[in-house]
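In case you want the letters, here they are:
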Amino acid sequence: MRRYNPKDIEPKWQKIWQESGIYRAVDFDPSRPKYVMLTEFPYPSGSGMHIGHMREYTLGDIIARQKRMSGFNVLFPMGYDAFGLPTENYAIKTKIPPQQATEENTKNFQQQLESMGFSFDWSRSFKTSDPDYYKWTQWLFLRFFEAGMAYQEEVAVNWCPFCRTGLANEEVVNGRHERCDTLVEKKLLKQWMLRITDYADRLIDGLADVDYPDWIAQQQINWIGRSKGAEIKFSLETIKEEVSVFTTRPDTLFGATFIALSPEHPLVGEVTTKEQKKVVNAYVREAATKTELERQEAEAKDKTGVFSGSFAINPATGDKIPVWIADYILMGYGTGAIMGVPAHDERDFAFANKYDLPIKYVIEPEFSKAKPNEKTKEAIVAVLRNPKSQEVLMLDWGPRQDSYGGKLFIGGGKEGNEDVLSAARREITEETGYTDFELKAELPFIVHNHFYSNVKKADYYVHIHGLLFDLTSDQQIPTKLDAGEKNKFKLTWMPIGRATAEDAAHQYVFDSLMSPAPYTKEGLMTQSGKYNGLSSTLARDAIVEELSHKGLAKERINYRLRDWIFSRQRYWGEPIPIIHCPKHGPVAVADEDLPVILPSVADYLPSSDGSSPLARVKEWVNTTCPLCHLPAKRETDTMPNWAGSSWYYLRYYDPKNAHEFAAKDKLNYWGAVDLYLGGIEHITLHLLYSRFWHQFLFDQGLVPTPEPYLARRSQGIIQAADGSKMSKSKGNIVDPMEVIESGYGADSLRLAVAFLAPYNQTTPWSPESLGGTYRFLQRVWNLVEEYSAADGGNIDNLKLKQVMHRTIKKVSEDLLNMGYNTAVAALMECVNQLYLIKAKDNFSSSEWQWALESLIAMLAPFAPHIAEELYSSLGGEGSIHLQPWPGYDEKFIKSDSITIAVQINGKVRAQLIVPADADQATAQAAAMADPKVQSYLNQAQIIRSIYVKGKLLSLVTQKVVTN
RNA sequence: GCGGAUGUGGCGGAAUGGUAGACGCGCUAGCUUCAGGAGCUAGUGGGCAUUAUGCCCGUGGAGGUUCAAAUCCUCUCAUCCGCACCA
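Parameters at a glance
- Residues numbered from 1 in each chain as written.
- Chains lettered and ligands numbered in written order.
- Predicted model: local features only at pLDDT ≥ 70, side-chain atom pairs only at ≥ 80, totals over all residues.
- Heavy atoms only, no water.
- Axes fitted to C-alpha atoms, helices over the stretch in contact; angles between N-to-C directions.
- Helix = DSSP H or I, 4+ residues; strand = E, 2+ residues; numbered from the N terminus.
- Parallel < 35°, antiparallel > 145°, perpendicular 65-115°, else oblique.
- Contact = heavy atoms within 4.5 Å.
- Nonpolar A, V, L, I, M, F, W, Y, C, P; charged D, E, K, R; others polar.
- Near = heavy atom within 4 Å.
- Polar contact = N/O pair within 3.5 Å; in protein donor to acceptor, adjacent residues only side chain to side chain.
- Buried < 20%, exposed > 50% of the residue type's maximum accessible area, 1.4 Å probe, protein only.
- Pairing = 2+ DSSP bridges.
- 1 Å grid on protein atoms, 1.4 Å probe; cavity = no way out; pocket = protein on both sides within 12 Å on 5 of 7 lines; lining within 4 Å.
- Points joined across faces, edges and corners; volume = space filled by probe spheres on them.
- Salt bridge = Lys/Arg side-chain N within 4 Å of Asp/Glu carboxyl O.

This part covers the packing of helix 19 (residues 736-755) against helix 24 (residues 864-873). The contact between helix 19 and helix 24 brings their axes to 8 Å, and the two run at 120°. Taken together, the axes of helix 19 and helix 24 are oblique relative to one another. Listed contacts from helix 24 to Ala746, Asp747 and Arg750 of helix 19 are Pro864, His865 and Ile866. Grouping the amino acids of the contact of helix 19 with helix 24 by side-chain chemistry returns three nonpolar, one polar and two charged.

Below, the structure is given as structure tokens:
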């Protein structure tokens, strides 16, 4: 008998598979449905494949193989995302051209991928840095340019001083460049931009038509950050210009007590008066030199700003309000200017407090809504504080039931012509007997709620005035309570920190009195002219509507997402195919002149002035204008890393096409990617960018489907054994190549990865699990090796049939749901069973032949090498990987008798073997005959019986009362 | 602060209303010896027992719904991820 040795069989089959081309996808196969299984292509770094790649490609490969066996025409392609910074930085250091380094790295990577036995169709492979490929990236860019979707703009870009390049917002993480961790600065540069914001709504709406996990869709929606609001114009007192602000709360317009402009706002110069010029200039200059991080860190600290010297007019009130410059206003969002409403916005509140700007409440909290025509009473909630002990007085009305009772502050209604203050004083003395106290604070707004009278067990709709009093002496007189109130509550002094009222309005009044805060939720309008009493949600639209007639406001939708900065001042990327003509401005390179080849350079270091190394290649830069043929200069910026990966999946459909990025009929045949598997780190940037490109191409009639990926899944991260992140510096990296070479082989590793945990779960790597999968494969190997030939005739073995059919069903269903780990468990269980059956059976029947072949077929997607080897040793023809996926028959899955549990009063007390189709009466009769059940039913009567066929019988009993 | 996820033995995990801990790792005992990253058999959540094997407890915590809850509901705690001065 041969021993299982992966080193003997794995390289052998890898070579045979490559030579026979069994994994090649066939264009236009009419006999089978197509299936595009896409895994994210790797960046070919010098360090090669890591365990994360390993998980992704193993999971993708298992699906690709099983789909192939299930009769699909599978396209499972692989390529390389080769442009990018690491290779270029390596070139700067070593002077080795990126082209060369990429070539070597790719070769190495491909060798590693092949040694894992992945079934990629290598005949369709390419690198994004191949001129044959980036020719089409450039061609597609020109379609954006022609459609006005690519434009140039002078923008303050995130500038990485280390990489000397501009960055997209998405590449800045916590104020640092995500790749090199350098602090990011702001720099004003003319940049190419793509109008992704035009597609913001489409990118949200399109999610409804694709199968992405909810959390991924949600994260994309949050990233786009759509918010509906209005743009409102404020006229300036001394200048003709108007300031437009963006707000999501036009209903708070009457409460706008100042205007604030971002330091980068174009009107800053004009609004600044002579007297303020010096201080404003200094402030603007300081803001400009702050890095992203410094501005972010300032968040925790005080808000800062300077007064411009001029005033604006609030269009709602006609009031003069000051115009400030403040760096908490971001130029990149909305209009770069806001109306400051301190009463209803946290940031404005903090700013107003610091600079002593007026706070005007125009929205009142509403804790319950009045019923139609309900009468309203004026009421008070008074907080009586003992300043010495720092305690407040509460009335304890006993346990809270429905809306009555519980711990409350002093409350009561206004009587007759009484004013609020005297009502409060009267209520305090009546209910508590205290007489000496002074008013400390009064809420500047009313709180709306129902008032639940404990005494009358009835409620009124009330306007609550909140007041805070400090006790000045302990003197108490007898309380004046009517009969209904007497002895219904007791007084308790509570420390301020622990005082909580069991009524939302009471609690809100208390909190606001103790520390004034803005009210940022919806409520009822007040101090807002004719809108008073309206709900803020309704007033919002009404105010915009009214102002819009005067041309002072319009509805506007704003996005957190900004247009995509598409320029990089680097060498190793696709040259942007534009020629700058003194006469015609930016002109597209003619389609037939593509690709614009990246010229070779001597030095890859970008210039410190913000231009790319390409700018130094004079003979390349100087060219002629395609329109007038006069001297002109090439664009020297290159495209970002994300460009090539935005459409690469389409190129797999027709990778060698020299006339089109892909032929129409091939695009139509392969259509959208059926399943796209990739890392969680790409669900916002890459996924959003490529969906944007695809949607644009769809609009241009260049692709047949509105979305690129029908379904997206993301594999979880594999952590180091201790649950920490794998990192080079910690030296806790698991190298897949080492595992293969150590003797376990690729099959054990693939199986261990599939078996580890649910595919989408982050989980630590346990090296010991390799021993488990290796032993399992060994058991499979030995089982098949011990079997010789089907010379024992056809002997029926029901048990064997049942085990196999059940396993086939389980594995097939699990794979459909990507339940890899449970599928592997089912295979292990199956093999355990086969050993048991074998021990009692004639191990050479034709049924065994079928069982072993089925087992190997199921194992094939997970462990392709051993499956192929055993298949051939069983005398199979061709490749196991092209054999049909085994089917199952329900009739062998059910068995005649089955074990059910008997529960008595909810506890499992016995197990019974009953016929599988036994009805309730039969099952119950069997249960009653069981001595164990009888012992529990002693002295009791069955009052209810629940039967779940094939699972359990649940009996509910009641003690029989004797005598 | 906003959004999302997760919580089950010593470990990875299984079970989506119906016998909690499948499968694997590790561990314990025994057998075996083509000494090999071996194999086989039995055991392995905690506690109390042991004449049987039985009883009690147990899925982050507290309540609830139900004949029955890891699973559904309410509250709460912890951990992780994404976003964050976004008006």
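As a further point, take the protein's contact with RNA strand B. Taken together, 60 residues lie around RNA strand B, and Tyr333, Arg347, Ser742, Arg779 and Tyr936 are the ones closest in. Of everything in RNA strand B that lies within 4 Å of the protein, sugar and phosphate atoms constitute 64%. Here a phosphate oxygen of RNA strand B sits 2.3 Å away from a polar atom, N or O, in the side chain of Arg779. In the model, a base nitrogen of RNA strand B is placed 3.2 Å from a nitrogen or oxygen of the Gln903 side chain. Take the surface near RNA strand B: its biggest share by element is six residues, from helix 22 (residues 820-839). Tallied by class, the residues present in the surface near RNA strand B amount to 23 nonpolar, 19 polar and 18 charged.

Turning next to helix 13 (residues 504-514). Counting buried residues along helix 13, eight of its eleven residues qualify, which places the element largely inside the surrounding structure. Looking only at helix 13, the buried set comprises Ala505, His506, Gln507, Tyr508, Val509, Phe510, Ser512 and Leu513. Where helix 13 begins, the capping side chain belongs to Asp503, and its oxygen is found 3.0 Å from the backbone nitrogen of Ala505.

The next subject is the sheet that holds strand 2 (residues 73-75). Taken in spatial order, the four strands of this open sheet run 2-1-30-31, and their pairing is parallel. Two strands in the sheet have a free side with no partner beyond their single neighbour: strand 2 and strand 31 (712-715). Averaged over all pairs of adjacent strands, the angle between their axes in this sheet comes to 20°, without regard to strand direction. The pairing of strand 30 (residues 675-679) with strand 31 spans four bridges and is classified as parallel. Across the sheet, residue Tyr676 finds its bridge partner in strand 31, namely Arg712.

Moving on, we come to empty space enclosed by the protein. Enumeration according to the criterion identifies three cavities of 30 Å³ or more in this entry. Lining of the largest cavity is provided by 16 residues; of these, Gly84, Leu85, Arg568, Pro640 and Asn641 occupy positions nearest its centre. Every element with two or more residues in the lining of the largest cavity is listed here: helix 3 (85-94) and strand 4 (165-167). Looking at the lining of the largest cavity element by element, the count peaks at three residues for strand 4. Class assignment of the residues belonging to the lining of the largest cavity gives a composition of six nonpolar, five polar and five charged.

Tracing the sequence through the fold places Asp205 in helix 6 (residues 200-205). The spacing of Asp205 and Tyr787 is 582 residues in sequence and 58 Å in space, taken between C-alpha atoms.

Bringing the sheet that holds strand 25 (residues 564-565) into the picture now. Reading across the sheet, the four strands line up as 4-3-7-25 and stay open at both edges, with antiparallel pairing between neighbours. If you trace the sheet from one side to the other, it starts and ends with strand 4 and strand 25, each paired once. Bridge count for strand 7 (residues 185-194) against strand 25 is two bridges, and the pairing is antiparallel. Along strand 25, the bridge assignment pairs Met193 with Ile565. Packed on one face of the sheet, helix 5 (residues 131-146) meets strand 3 (150-160) and strand 7 and runs near 90° to strand 7.

The subject of this paragraph is the side chain of Asp470. In this fold, Asp470 is placed in strand 21 (residues 458-471). For Asp470, a relative accessible area of 7% gives the class buried. Here the side chain of Asp470 touches Arg385 through a polar contact of 2.7 Å, side chain to side chain. Among residues more than four places away in sequence, those in contact with Asp470 are Leu384, Arg385, Pro387, Asp436, Phe437, Glu438 and Lys440.

Following the criterion strictly, the structure yields 44 salt bridges and no others. Of the charged contacts, one joins Asp591 and Arg143 as a salt bridge, the two residues approaching to 3.2 Å between their closest N and O atoms. Taken as a pair, Asp591 in the loop between strand 27 (585-588) and helix 15 (618-621) and Arg143 in helix 5 lie far apart in primary sequence, 448 residues in all. Since its relative accessible area comes to 9%, Arg143 is described here as buried. Of the charged contacts, one joins Arg426 and Glu427 as a salt bridge, the two residues approaching to 3.3 Å between their closest N and O atoms. The pair formed by Arg426 and Glu427 is uniform in burial state, with each residue classed as buried.

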